[in-house]
Amino acid sequence: MTSLRDVALKSTLRFRRARNSADEEGQVFTPAVIASLLAKAVTTDREAIVDIGAGEGVLASAALARCKDASVVLVEKDKEYAQALSSLFTPSAQVIAADALTPGLLESIISPLEKPIVLSNPPYGMLRIATEQLTRGMEELPLIVEGGGWVRRDAAFLARIWSASHKGTSVGLIVTSAIICDNAYEPYRRKLAEELSNLIITELHPKTFANAEVQAYLISGCKSVRRKRNVLLRQADLHGNIISELSVSTQQATERLDYTYHSMIQEVQLKPGQSMGSLSELGGTIVRGSRSQNVFRALGLTAFHTTDFVANSKHLKLNGAIDGFKSAQLGDILIPRVGSRCLIREAKVVEGTGLITDCIFRIRAPQSVQKKIWLTLDSDFGREWRKLAAKGSCAKHITIGALSSLPILT
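Residues numbered from 1 in each chain as written. Predicted model: local features only at pLDDT ≥ 70, side-chain atom pairs only at ≥ 80, totals over all residues. Heavy atoms only, no water.

1. A few points about the nonpolar core
Then, number 1: One finds Ile52, Ile109, Ile201, Ile219 and Val231 to be the most contacted residues of the largest nonpolar core, which totals 50 residues.
Then, number 2: Tallying contributions element by element places helix α8 (residues 153-164) first for this core, with 8 residues.
Then, number 3: Within the second largest apolar cluster, 28 residues are counted, among which are Leu38, Ile49, Leu85 and Leu204. (Core = buried A, V, L, I, M, F, W, Y, C linked by side-chain atoms within 4.5 Å. Buried < 20%, exposed > 50% of the residue type's maximum accessible area, 1.4 Å probe, protein only. Helix = DSSP H or I, 4+ residues; strand = E, 2+ residues; numbered from the N terminus.)

2. Some thoughts on the confidence of the model for the protein
Do not read the predicted coordinates in detail wherever pLDDT is low.
Then, number 1: Here the protein averages 86 in pLDDT, while 89% of its residues score no lower than 70.
Then, number 2: Every residue in residues 1-26 is under pLDDT 50, and counting partners more than four places away or in other chains gives 73 contacts. (pLDDT = per-residue confidence, 0-100. Contact = heavy atoms within 4.5 Å.)

3. Some points on the layout of surface pockets
Then, number 1: Estimates place the volume of the second largest pocket at around 510 Å³.
Then, number 2: Looking at the lining of the second largest pocket, the elements that each hand over two or more residues are α10 (186-195), α11 (250-255), α12 (259-268) and β12 (275-278).
Then, number 3: Here the residues of the lining of the second largest pocket sort into 5 nonpolar, 12 polar and 6 charged. (1 Å grid on protein atoms, 1.4 Å probe; cavity = no way out; pocket = protein on both sides within 12 Å on 5 of 7 lines; lining within 4 Å. Points joined across faces, edges and corners; volume = space filled by probe spheres on them. Nonpolar A, V, L, I, M, F, W, Y, C, P; charged D, E, K, R; others polar.)

4. Some remarks on the pairing of strand β9 (residues 216-223)
Then, number 1: Extensive coverage of β9 is indicated by the burial of 8 of its 8 residues.
Then, number 2: When strand β7 (residues 170-176) meets β9, the two strands line up antiparallel, connected through 7 bridges. The residue of β9 that forms the bridge with Ser170 is Cys222.
Then, number 3: Across 6 bridges, strand β8 (residues 196-203) lies against β9 in antiparallel orientation. Its bridge partner being in β9, Leu196 is matched across the sheet by Lys223. (Pairing = 2+ DSSP bridges.)

5. Some details on the pattern of salt bridges
Then, number 1: One pass over the structure, following the stated rule, counts 14 salt bridges.
Then, number 2: Of the charged contacts, one joins Glu194 and Arg190 as a salt bridge, the two residues approaching to 3.5 Å between their closest N and O atoms. One end of the pair is Glu194 and the other is Arg190, both in helix α10 and 4 residues apart, which spans about a single turn.
Then, number 3: One salt-bridge network, held together by shared partners, links Lys314, Glu346, Asp378, Asp380, Arg383 and Arg386. (Salt bridge = Lys/Arg side-chain N within 4 Å of Asp/Glu carboxyl O.)

6. Things to note about α8
Then, number 1: Across its 12 residues, α8 extends 17 Å between first and last C-alpha, which sits within 8% of the 16 Å expected from 1.5 Å per residue.
Then, number 2: When you tally the buried positions in α8, you get 11 out of 12 residues, the bulk of the element. (Expected span 1.5 Å × (residues − 1).)

7. Thoughts on the packing of aromatic side chains
Then, number 1: Summed over the entire model, instances satisfying the criterion amount to 5 aromatic pairs.
Then, number 2: Taken together, the aromatic side chains of Tyr261, Phe381 and Trp385 make up a single cluster linked through ring pairs.
Then, number 3: For the cation-ring pair, Arg256 lies above Tyr261, with the distance from its terminal atom to the ring centre recorded as 4.4 Å. (Phe/Tyr/Trp six-rings, centres within 6.5 Å; stacked < 30°, edge-to-face > 60°. Lys NZ or Arg CZ within 6 Å of the ring centre and 35° of its normal.)

8. Examining the sheet that holds strand β19 (residues 354-356)
Then, number 1: The 3 strands lie next to each other as β14-β19-β16, forming an open sheet whose pairing is mixed. Sheet topology places β14 (303-304) and β16 (327-328) at the edges, where each strand pairs with a single neighbour.
Then, number 2: The pairing of β14 with β19 spans 2 bridges and is parallel. When the bridges of β19 are listed, Ala303 appears paired with Leu355.

9. Concerning the pairing of strand β20 (residues 360-364)
Then, number 1: Among the 5 residues of β20, 4 are classified as buried, and the element is accordingly described as predominantly covered.
Then, number 2: The sheet contact formed by strand β13 (residues 285-288) and β20 spans 4 bridges and is antiparallel. Counterpart to Arg288 in the pairing with β20 is Phe361.
Then, number 3: Here 4 bridges tie strand β17 (residues 333-336) to β20, and the two strands are oriented antiparallel to one another. Paired with Ile333 across the strands is Ile363, a residue of β20.

10. Considering unusual backbone geometry
Then, number 1: At Lys115, a residue that is not glycine, the phi angle is positive and equals roughly 50°.
Then, number 2: Take Lys115: it is sitting in the loop between α6 (105-110) and β4 (116-120).
Then, number 3: The class of Lys115 is partly exposed, set by a relative accessible area of 29%.
Then, number 4: Phi angles above zero are rare outside glycine, and Asn198 is one such case at about 55°.

11. Observations concerning the environment of Glu281
Then, number 1: In this structure, Glu281 sits in the loop between β12 and β13.
Then, number 2: Sequence separation between Glu281 and Asn183 is 98 residues; the distance between their C-alpha atoms is 7.1 Å.
Then, number 3: Those residues in contact with Glu281 that sit more than four places away from it in its chain are Cys181, Asn183 and Arg256.
Then, number 4: Among the polar contacts made by the side chain of Glu281, one reaches the main-chain amide nitrogen of Ser278 at a distance of 2.9 Å. (Polar contact = N/O pair within 3.5 Å; in protein donor to acceptor, adjacent residues only side chain to side chain.)

Following this line, the structure appears as structure tokens:
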């Protein structure tokens, strides 16, 4: 099961009913190639394997293939999966059908073990729970509680695992981009960077998980004495192959832990103090248009499209918005989502409201930062950033995740 920010944004049960039990529990399962990639990063001479939220047991299986004599403990709340796990592993494997967030449970499992590896692919989304149930023994990694007592499931798992682990424990986790990128989780990143030796953060391909386009990350390292150390950031392709990597300092890692951000910072040579934060950190939201140009034409409707960037000025006056379709309004900034030649164009709405096609991203931000965001996008730096962030060999495109990390210039 995995923790995926983009899925969570769609699936948080703060705002809707669960579609099924898997949805309610945030269950999204790990591909075997990703389990193997995580196991390779952390499994060296381990005597015990603990899989927290084991699901189908893929992580434990990958680790066991490398540590064949290790004992195995699998913790799984879902009784059906827990029963299935009992038949997948040897009789000596211990299956615990319990909620991993139960205070004291992981401490009782992990603390007695010599040289354990703790793996977890926590359920995604938000969890509403009495805060006092999760704070005991977790002062090192305090939970980030959002409105109404909601916490991120993967952050709760990380905090609980951290509390239960001792020096010498290897950890391998799959987490959301919130922990990797958001300002609120800076204390988490500092802990990881300073207290995990051989820390590796692997940025997964957005289409790694079936039926979802999401951004997730692998965390691997060994809990150690506190000191400043470099962190290795990597990027993996859809098949779990490492395609690029770079090393960052503890200070840089505390700021953010994603490969895409730091690689582009190096490319554009952005200096400290030149950025006031990323687009998402400043409250900017990005929405893709709702229909293709051909669909709008068939409906007899006019919508702003990538070709309109050439025919219009950067200051747009729109009209023709109707209910049921994505539209842009005064103050919104529009950029192309696809198109090698037009990708570096931008425009802002100065009057009216109009429809936008699915080849357009609409950026909407608080009025206090609209000007700064516009000046950044409408600069050589902003255009160079988008060129570097664009993916694809022929028809280039930019993702919401990459655009969200755009540094806004001071």
